[in-house]
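# Results of the structural survey
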Amino acid sequence: MCLPAVYHKIALTATALGKSRKAKFARKKAESFDPAYKSDYLDLAMLHFRRKNYDKALLALAKGEQNFLALFIKALIYTGKKQFDLARRIGEKLLNRPELLEEEKAYLTAFIGSCLIEEKDFENALACFEKAVFYCPDNPVYYQEAGVCARELGDLEKSQKLLRKSLRIAGEWIGSAHAHLTLAEIYQAQGKKALAQVEYEI
């Protein structure tokens, strides 16, 4: 392992233990051996993010390379800070990159949709999840979230269709409980108590 990487590991360990002075010393050592060595800041940002130290995570990211992963982590940090408009804008910026795979386009589109849900913009959120379905039609989460958005918009028929599609794809996926619950609430609102009870019990 090269010296910058060694000091990088020391810095991460010191940060995890709360020894900020030692961590700062180790990061400076890593940079003194290799001025271009910046990958440690990405790991440091992730460490702070997992600990919900969002401001420290943003500071670490600002010192590192501004690559795709760093920008996406920044978007995640903003969701942690409940600044969903900023997170969404980063997602939209990343989605414009030409080299993305279909699965990556689907994930980013769904991420934008999730931010829009938090902003209570269910119409545009629904459009995002429908586009995610287009990119990746085998992911039950995208159908489920589209169904939730359709319910919020009052289109119960469309919501039921999307949620049932999600359940058909999901199989035994534990996350499908949300789809069952949403269907139960729809049936309850429609006065279909027997159907609602079935969904509640699944």
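Structure shown above.
Notes on the structure in this doc start here. (Residues numbered from 1 in each chain as written. Predicted model: local features only at pLDDT ≥ 70, side-chain atom pairs only at ≥ 80, totals over all residues. Heavy atoms only, no water.)

## Let's talk about the overall build of the protein chain
Along its length, the protein chain carries 12 helices and 0 strands. Taken from the N to the C terminus, the helices and strands of the protein chain come in the order α-α-α-α-α-α-α-α-α-α-α-α. A buried classification covers 43% of the 202 residues belonging to the protein chain. Considering only intrachain contacts with a sequence separation of at least 6, the fraction spanning at least 24 residues in the protein chain is 44%. For the protein chain, the exposed surface amounts to about 11700 Å²; the carbon and sulfur share of it is 54%. (Helix = DSSP H or I, 4+ residues; strand = E, 2+ residues; numbered from the N terminus. Buried < 20%, exposed > 50% of the residue type's maximum accessible area, 1.4 Å probe, protein only. Contact = heavy atoms within 4.5 Å. Areas by Shrake-Rupley, 256 points an atom, 1.4 Å probe, with all protein chains shown as cover.)

## Focus on the pattern of salt bridges
Applying the stated criterion across every chain yields a total of 8 salt bridges. Among the salt bridges present, the one from Asp85 reaches Arg89, with a minimum N-O distance of 3.7 Å. Taken together, the residues span about one helical turn, with Asp85 and Arg89 both in helix 6 (residues 84-95) at a distance of 4 residues. Owing to a relative accessible area of 47%, Arg89 belongs among the partly exposed residues under this scheme. (Salt bridge = Lys/Arg side-chain N within 4 Å of Asp/Glu carboxyl O.)

## Concerning the nonpolar core
Membership of the largest hydrophobic core comes to 24 residues, with the highest contact counts inside it found for Leu61, Ile77, Ile90, Leu94 and Phe111. Secondary structure elements with two or more residues in this core: helix 3 (39-50), helix 4 (54-63), helix 5 (68-80), helix 6 and helix 7 (102-118). Of the residues forming this core, the biggest block, 7 residues, is contributed by helix 5. Residues within four places of Ile90 in sequence aside, it is in contact with Leu71, Lys74, Ala75 and Tyr78. With 20 residues, the next largest nonpolar core counts Ala110, Ala125, Leu126 and Tyr142 among its residues. (Core = buried A, V, L, I, M, F, W, Y, C linked by side-chain atoms within 4.5 Å.)

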